[in-house]
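The primary structure of each chain is shown beneath.
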Amino acid sequence: MSKYQLGLDFAKQQDYLDELSDYRNKFHIPKDKNGNELIYLTGNSLGLQPISTKSYINQELEDWANLGVEGHAHAKNPWLSYHEFLTDSMAKLVGAKPIEVVVMNTLTANLHFMMVSFYQPTQSRYKILIESDAFPSDKYAVESQLRHHGFDDKEGLILWKPRKNEELLHYEDLEAILESQGDEIALIMIGGVNYYTGQYFDLKRITDLGHKFDCFVGFDCAHGAGNVVLNLHDSGADFAVWCTYKYLNSGPGSLAGCFVHERHAHNKNLNRFTGWWSHNKQTRFNMRHEFDVLPGAEGWQLSNPPILSMAAIKASLDLFNEVGIKRLTKKSRKLTGYFEFLINKLNNKDIKIITPTNPEERGCQLSIQVKNADKNLHDKLTKSGVLSDWREPDVIRCAPVPLYNTFEDVYFIVEKLKNILSK
Ligand SMILES: *Cc1c(COP(=O)(O)O)cnc(C)c1O
């Protein structure tokens, strides 16, 4: 017998039993113009605002108002070292050691800075391997790196593709690419959780494979951070990058995370772009000193960072710290499993979930393909009070986020989908 049941009563009961149900009250839930809460399933695009964010930002505004430049050293949370307040929680969240993690810049910028260090092409080994459905920004970034080094961006780019009439990727196909072209590949750069299908890759398996062929391996974990248990250190990946405005709820365009594996922490010979924030903290303000790079991920910082954005990240990380990613993913699996159950119970042969069914291979997102549908379907869902994400030609991406979504949310999205499709 399934652990899930049909009917609204089951959803209500699950919400009642949910030990994390209070966390919804710690977020601003968007409402329609009549004041009814929307069903928000786009936390994978922009996470909701924690109620506490305002007070974290206000603290810094006040210290700036009262102290001016003195706030660098004397603010309640001194700005000079503000990024360090984020390091431990962020490291814990992505399964890394503190020396391996820093919050800085934005996501695509970090990806480029990582490629300055970990994409070091030679005439015989210069290709970059990505998944064929990579997020466009990642694809554009690696193509521009190829051109920057004087290579052809079509010839130099290798795509790990799904098989015919499939959406998910097979590791055997990646192995085959490496067997035949491994000695030409300088870098493997994969979205840790694919943004389109929601497939969560085995980062360690990919890294081991890449390293066997002497390729550097990096991951874009924009859809992984705050969504799945990441073990970045144990994966052995050379680097990873992620944003904080999706599952990490830090606000539009907020700063990004960056991971550099410990084995590179003290390598001063790695090529990199630098600025005064990558310089030794003790002598940074002497301003004359010969460049002395900081060990670890901090050694890739360039600038003094925007504190207001970091304050929003701190507000969110404090919540994650309190809940813990383990408890969160436990609820997440239940919530998404329930979503999958209800979709399957529709018994509609035009509907197909393209996200993996194995909970180990996905986070909270389900990508639902609706045959013969067009954007009208998405518009109708929006009109009915559901915020979801439409991907051409026929996929709706929905992410029930365990911090603030409910079993009732999931029940009603499926009811609304059923009603729209039956008309
Ligand atoms: C969201 C996302 C981006 C967006 O990049 P920004 O630099 O933050 O604008 C890039 N790559 C992936 C995989 C994403 O999910």
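Just so you know, the residues in each chain are numbered from 1, in the order the chain's sequence is written. For a predicted model such as this one, the threshold for reporting local features is a pLDDT of at least 70, and the threshold for listing and counting side-chain atom pairs is 80 or more; totals across whole chains, interfaces and linings nevertheless cover every residue. Hydrogen atoms and water are omitted, and side-chain values are computed over all heavy atoms in the structure.

**Q** Just checking my understanding: could you explain the side chain of Glu 60 for this structure?
**A** With respect to the helices and strands, the residue Glu 60 is situated in helix H2 (residues 53–67). Each residue is placed in one exposure class: buried if its accessible area under a 1.4 Å probe, protein chains only, is under 20% of its type's maximum, exposed if it is over 50%, and partly exposed if it falls in between. For this count, His and the chain ends are skipped, Lys and Arg are scored as positive, and Asp and Glu as negative. We define a salt bridge as a side-chain nitrogen of Lys or Arg found within 4 Å of a carboxyl oxygen belonging to Asp or Glu. Nearest to the buried, unbridged Glu 60 among oppositely charged side chains is Lys 76, at 7.4 Å. Side-chain atoms alone can form a polar contact between residues adjacent in sequence; in general such a contact is a pair of N or O atoms within 3.5 Å, and within protein one must be able to donate a hydrogen while the other accepts it. Only 2.9 Å separates the side chain of Glu 60 from the side chain of Asn 77, close enough to count as a polar contact. When neighbours within four sequence positions are excluded, Glu 60 is seen to be in contact with Ala 75, Asn 77, Trp 79, Tyr 82, Ile 307, Leu 308 and Ala 311. Secondary structure elements are taken from DSSP: a helix is a run of H or I of four residues or more, a strand is a run of E of two residues or more, and numbering for both begins at the N terminus. Residue contacts follow a heavy-atom distance rule, with two residues in contact if any of their heavy atoms lie within 4.5 Å.

**Q** Would you mind showing me how to read the sheet that holds strand S8 (residues 256–260) here?
**A** Working definition: the strands of a sheet are paired by backbone hydrogen bonds and lie parallel or antiparallel to each other. At least two bridges found by DSSP between two strands are what make those strands a pair. With respect to topology, seven strands assemble into an open sheet ordered S2-S8-S7-S6-S5-S3-S4, the strand pairing being mixed. The open sheet has two edge strands, strand S2 (101–104) and strand S4 (157–160), and neither has a second partner. Neighbour to neighbour, the strand axes of the sheet diverge by 20° on average, direction disregarded. Where strand S3 (residues 127–131) lies against S4, four bridges are found, and the strand directions are parallel. For Glu 131, the partnering residue across the bridge sits in S4 and is Trp 160. Here the axes come from fitting lines to C-alpha atoms, over the contacting stretch only for helices, and the angles between their N-to-C directions go from 0 to 180 degrees. Strands in contact with helix H4 (residues 84–94) are S2 and strand S7 (239–243); relative to S2, the strand with the most contacts, it is inclined by about 115°. Of the strands in this sheet, S2, strand S5 (185–191), strand S6 (216–220), S7 and S8 are in contact with helix H5 (residues 107–118), which crosses S7 at around 170°.

**Q** It is not clear to me how the side chain of Gln 301 should be interpreted in this structure. Could you clarify?
**A** By secondary structure assignment, the location of Gln 301 is in the loop between S8 and helix H10 (307–323). Under the relative-accessibility criterion, Gln 301 is labelled buried at 2%. In this structure the side chain of Gln 301 is engaged in a polar contact, spanning 3.0 Å, whose partner is the backbone oxygen of Glu 298. In this structure, Gln 301 is in contact with His 83, Val 102, Met 104, Gly 275, Trp 277, Ser 278 and Leu 294, ignoring residues within four places of it in sequence.

**Q** Looking at this structure, I do not really get the site of the ligand. What am I missing?
**A** Throughout, near means a residue has at least one heavy atom within 4 Å of the molecule or strand. Near the ligand, the surroundings consist of Leu 107, Thr 108, Phe 135, Ser 137, Asp 138, Asp 220, Ala 222, His 223, Tyr 245 and Lys 246. The contact in question runs from an oxygen atom of the ligand to an N or O atom on the side chain of Thr 108, over 2.6 Å. In the model, an oxygen atom of the ligand is placed 2.5 Å from a nitrogen or oxygen of the Tyr 245 side chain. When the free accessible area of the ligand is taken as 390 Å², the share hidden by the protein chains comes to 83%. At the level of secondary structure, the elements contributing two or more residues to the shell around the ligand comprise H5 and helix H6 (136–148). Residues were grouped as follows: Ala, Val, Leu, Ile, Met, Phe, Trp, Tyr, Cys and Pro as nonpolar; Asp, Glu, Lys and Arg as charged; and all remaining residues, including Gly, as polar. In terms of residue class, the shell around the ligand is built from four nonpolar, three polar and three charged. Each accessible area is a Shrake-Rupley result for a 1.4 Å probe, and residues are judged covered by the shown protein chains and nothing else.

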